[in-house]
Amino acid sequence: MQTIERKTPINLDSRSFRQIGHAMVDRLALLLEELPSKQVTTGESSSEIRGFLGSSSLPLEGTDPMKVMERAMTLLTEHSLYNGHPRFLGYITSAPAPLGALADLLASLVNPNVGAHVLSPMATEIERQTIQWLAEFIGYDPGCGGILVSGGNMANFTAFLAARTAMGSPDLKEKGLAEIDARYVVYCSRSTHTWIEKAANLFGLGLNAVRWIETDEVNRVRVDLLEKQISEDEKKGFTPLMVVATGGDVSTGAVDNLDAVADVCKEHEIWFHIDGAYGVPAVVVPECADLFKGLQRADSVALDPHKWLYCPLEAGCILVKDRKTLIDTFTSHPDYYHFDDEDRSAQNFYELGLQNSRGFRSLKVWMVIQQVGKQGYEEMIRQDIELSRFLFELAEKHPKLQAVSQSLSISTFRFVPDDLSLQEEEREEYLNSLNRELLDRIQKEGQCFLSNAVVGGKYCLRGCVVNFRTSHRDMGDIVDLVVQMGNTLHKKMREI
Ligand SMILES: *Cc1c(COP(=O)(O)O)cnc(C)c1O
């Protein structure tokens, strides 16, 4: 068949595509080269940033695409925060694997719609294989169901709704909560991520249906209190749906006693979910494997390839032991879909999750896993943990730092000047405001990036290493910087 090329302002002929693409890749390669000598962030205010962007209104006419690309490149390379910078240890955002970035380009140019098999024949199979590999990676049943989603929140939401379907009344899906005579509740520890509140709201249980269980001194759920609360609720006529255990909490990296939680869930016939968005990949490090004992007993596990598998945003994943539960939860067959399932193994991902049209998120995960291999991950994750312990030790040894907690690859510590003569209560108050202000200054100054955690009432600086560029040297530099800035700030605050 012959085609007559239609002239449009959007297409790029192969020559221009190559030209712009090469220019873009060249500049990105330069960025990778220069990254360690750049600031982590510029510290510019949002109004300054807006100034650089300009306030032009909607463009009416088109612009040369090379110019558009160059402008985007300049704006982004000069005014971004780089989580791929060796001294970025904030929150839980990994340095992005460069091959993952190239994968995203490939994914978006082929542009499969991974909602339906017929629209994405190879991409669907690649996603299926990626899910199987992720399950194998963490030692979960490789025959489980699963789906790639945007991140940890969406992964946990997906599991929440699946648990509601599996454990709730059989006619819940048809009748809705209002028609069902049941009071559903879910359980999680105090250190659970905020997604649980969004989920309780979104899926109609309401915030009061979340039972927050107290934690022990190292932030793990108190299983005795969990069991007690469940028994009391059952007596009062509540219906427990799920227990959420955390595999690496966001503040301190604590891992709940998964095996003990699994026992409680089994005894009371409750869905056992693990939020392993951050920490679960650490199970590949043999020294950490014991921490995750009981993981394979979970009904569902959330994990985030865009955290400790170093994939570029966005990539989250939910694994559900019984694949049928996902289908029961999400499938429907409206008249306008005619996706025959001739080949019984064909799979339409729209039937397994919340999205309909779906991008090809799994490609970057699939490609990076092959580049690195399980062994490569074991090595990098172990190094991240070692670096985090090293940071903790540096804080322990320093006369002006107090090391507070260390678990997985998260350390917390705070700046404590050596000339404080305040009484206990006043002292803690001062230290909290000093460290809060210090963190703010560190973040704005842009030489390194830490975030915060409140541990036992102490406002702490927090470093989380999910960064394959960080070295021991960076940790030393970070400590020096914190102490130097802490000294200056303390002096200033005392003068006021
Ligand atoms: C990061 C994280 C989340 C949220 O994940 P997103 O990818 O940011 O949506 C939820 N739970 C835990 C334990 C996390 O570490």
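This structure is a prediction, so every number in the text was calculated from the model and none was measured.

Chemist: Explain the overall build of the protein chain here, please?
Modeler: Within the protein chain one finds 15 helices and 11 strands. Scaling as 2.2 N^0.38, a compact globule of 496 residues should have a C-alpha radius of gyration of about 23 Å, and the protein chain matches this with 25 Å. Taking the principal axes of the C-alpha coordinates as reference, the protein chain spans close to 80 × 70 × 45 Å. Residue pairs at least 24 apart in sequence account for 72% of intrachain contacts in the protein chain once pairs closer than 6 positions are excluded.

Chemist: Teacher, can you tell me more about the sheet that holds strand E7 (residues 316-320) here?
Modeler: Taken together, 7 strands build an open sheet; the order of strands is E1-E7-E6-E5-E4-E2-E3 and the sheet is mixed. One side of each edge strand has no neighbouring strand; the edge strands of this open sheet are strand E1 (145-149) and strand E3 (210-213). The sheet shows a mean angle of 20° between the axes of neighbouring strands, taken without regard to direction. Bridging between strand E4 (residues 238-246) and strand E5 (residues 271-275) involves 5 bridges; their strand directions are parallel. The residue of E5 that forms the bridge with Met242 is Trp271.

Chemist: Can you help me understand a negative patch on the surface in this one?
Modeler: Negative charge collects at one region of the surface, where Glu424, Glu425, Glu426 and Glu429 lie side by side. As for its position among the elements, Glu429 is in helix H14 (residues 424-445). Judged by its relative accessible area of 56%, Glu429 is exposed.

Chemist: Looking at this structure, I do not really get the pattern of salt bridges. What am I missing?
Modeler: Two side chains carrying opposite charge are able to pair once their charged atoms lie near each other. Applying the stated criterion across every chain, the model contains 21 salt bridges. Salt-bridge contacts for Glu127 lead to Arg358; the nearest nitrogen and oxygen are separated by 2.7 Å. In this pair, Glu127 is assigned in helix H5 (residues 121-138) and Arg358 in the loop between helix H12 (323-330) and helix H13 (362-397), connecting sequence segments 231 residues apart. Under the relative-accessibility criterion, Glu127 is labelled buried at 0%. In this structure, Arg220 engages Asp216 in a salt bridge whose closest nitrogen and oxygen atoms are separated by 3.1 Å. A relative accessible area of 34% means that Arg220 is categorised as partly exposed. What emerges from the salt-bridge pattern is a single network uniting Asp259, Asp263, Lys293 and Arg297.

Chemist: Help me out: how do you make sense of the pairing of E1 in this one?
Modeler: Regular strands have side chains that alternate between both faces of the sheet. For E1, the tally of buried residues reaches 5 of 5 residues, placing the bulk of the element in the interior. Pairing of E1 with E7, which is carried by 5 bridges, proceeds in the antiparallel orientation. When the bridges of E7 are listed, Gly145 appears paired with Val320.

Chemist: Looking at this model, I keep getting lost on the site of the ligand. Mind explaining?
Modeler: The environment of the ligand is formed by 15 residues, the closest being Gly152, Asn153, Asp275, Asp304 and Lys307. His306 has a polar side-chain atom sitting 2.8 Å from an oxygen atom of the ligand. Broken down by element, the residue count for the shell around the ligand peaks at 3 residues, all from helix H6 (residues 152-167). Counted by class, the shell around the ligand contains 5 nonpolar, 7 polar and 3 charged residues.

Chemist: Looking at this structure, I do not really get the packing of helix H4 (residues 98-110) against H13. What am I missing?
Modeler: The relative placement of two packed helices is expressed as an angle between their axes plus a distance between the axes. Where H4 meets H13, the axes come as close as 8 Å, and the angle between the chain directions of the two elements is 140°. Here H13 runs oblique to H4, going by the angle between their axes. Crossing handedness for the pair H4 and H13: right-handed. Contacts from Leu99, Gly100, Ala103, Asp104, Leu106 and Ala107 of H4 reach H13 at Leu363, Lys364, Met367, Val368 and Gln371. For the contact of H4 with H13, the class distribution of residues is 7 nonpolar, 2 polar and 2 charged.

Chemist: Is there a simple way to explain helix H3 (residues 65-78) in this structure?
Modeler: Each α-helix turn comprises 3.6 residues. Residues three or four places apart therefore point the same way. With 14 residues, H3 extends 20 Å from end C-alpha to end C-alpha; this agrees with the ideal 20 Å at 1.5 Å per step. Turning to H3, its buried residues are Met69, Met73 and Thr77. On an axial view of H3, the arc spanned by its buried residues comes to 50°, and they lie on one face. Check the buried side of H3 and you find it contacts helix H1 (14-34).

Chemist: Got a minute to help me understand the packing of helix H9 (residues 223-235) against helix H10 (residues 258-268) in this structure?
Modeler: Following both chains from N to C, one finds H9 and H10 inclined at 15°, their axes separated by 10 Å at the closest point. Relative to H10, H9 is oriented roughly parallel. Note on packing geometry: the crossing formed by H9 with H10 is right-handed. Every residue of H10 that contacts H9 at Val223, Leu226, Glu227, Ile230, Ser231 and Glu234 is listed here: Ala260, Val261, Val264, Glu267 and His268.

Chemist: Just checking my understanding: could you explain the pairing of strand E8 (residues 401-407) for this structure?
Modeler: Taken together, the 6 bridges between E8 and strand E9 (residues 410-415) define a ladder with antiparallel strand orientation. Among the inter-strand pairings, Leu401 is bridged to a residue of E9, identified as Phe415. Between the antiparallel neighbours E8 and E9 lie 2 residues, among them Leu408 with a positive phi of about 45°.

Chemist: Sorry if this is basic, but what is going on with unusual backbone geometry here?
Modeler: For residues other than glycine, phi is negative in most cases, and the peptide bonds are mostly trans. Of note, the bond from Leu313 into Glu314 is cis; its omega dihedral lies within 30 degrees of zero at -5°. Position of Glu314 among the secondary structure elements: in the loop between strand E6 (300-303) and E7. Despite not being glycine, Glu269 shows a phi value in the positive range, around 55°. Take Glu269: it is sitting in the loop between H10 and E5. Of note in this structure, Leu408 is not a glycine but carries a positive phi near 45°. Tracing the backbone shows Leu408 in the loop between E8 and E9.

The rules behind these values
Residues numbered from 1 in each chain as written. Predicted model: local features only at pLDDT ≥ 70, side-chain atom pairs only at ≥ 80, totals over all residues. Heavy atoms only, no water. Helix = DSSP H or I, 4+ residues; strand = E, 2+ residues; numbered from the N terminus. Rg over C-alpha atoms; globule rule 2.2 N^0.38 Å. Contact = heavy atoms within 4.5 Å. Pairing = 2+ DSSP bridges. Axes fitted to C-alpha atoms, helices over the stretch in contact; angles between N-to-C directions. Patch = residues over 30% accessible without salt bridge, like charges linked within 9 Å, V, L, I, M, F, W, Y side chains within 5 Å. Areas by Shrake-Rupley, 256 points an atom, 1.4 Å probe, with all protein chains shown as cover. Salt bridge = Lys/Arg side-chain N within 4 Å of Asp/Glu carboxyl O. Lys, Arg positive; Asp, Glu negative; His and termini not counted. Charge placed at Lys NZ, Arg CZ, Asp CG, Glu CD. Buried < 20%, exposed > 50% of the residue type's maximum accessible area, 1.4 Å probe, protein only. Near = heavy atom within 4 Å. Polar contact = N/O pair within 3.5 Å; in protein donor to acceptor, adjacent residues only side chain to side chain. Nonpolar A, V, L, I, M, F, W, Y, C, P; charged D, E, K, R; others polar. Parallel < 35°, antiparallel > 145°, perpendicular 65-115°, else oblique. Left-handed = near helix turned anticlockwise from the far one by under 90°. Expected span 1.5 Å × (residues − 1). Arc of directions from axis to C-beta.

These figures come from the coordinates and say nothing about function on their own.
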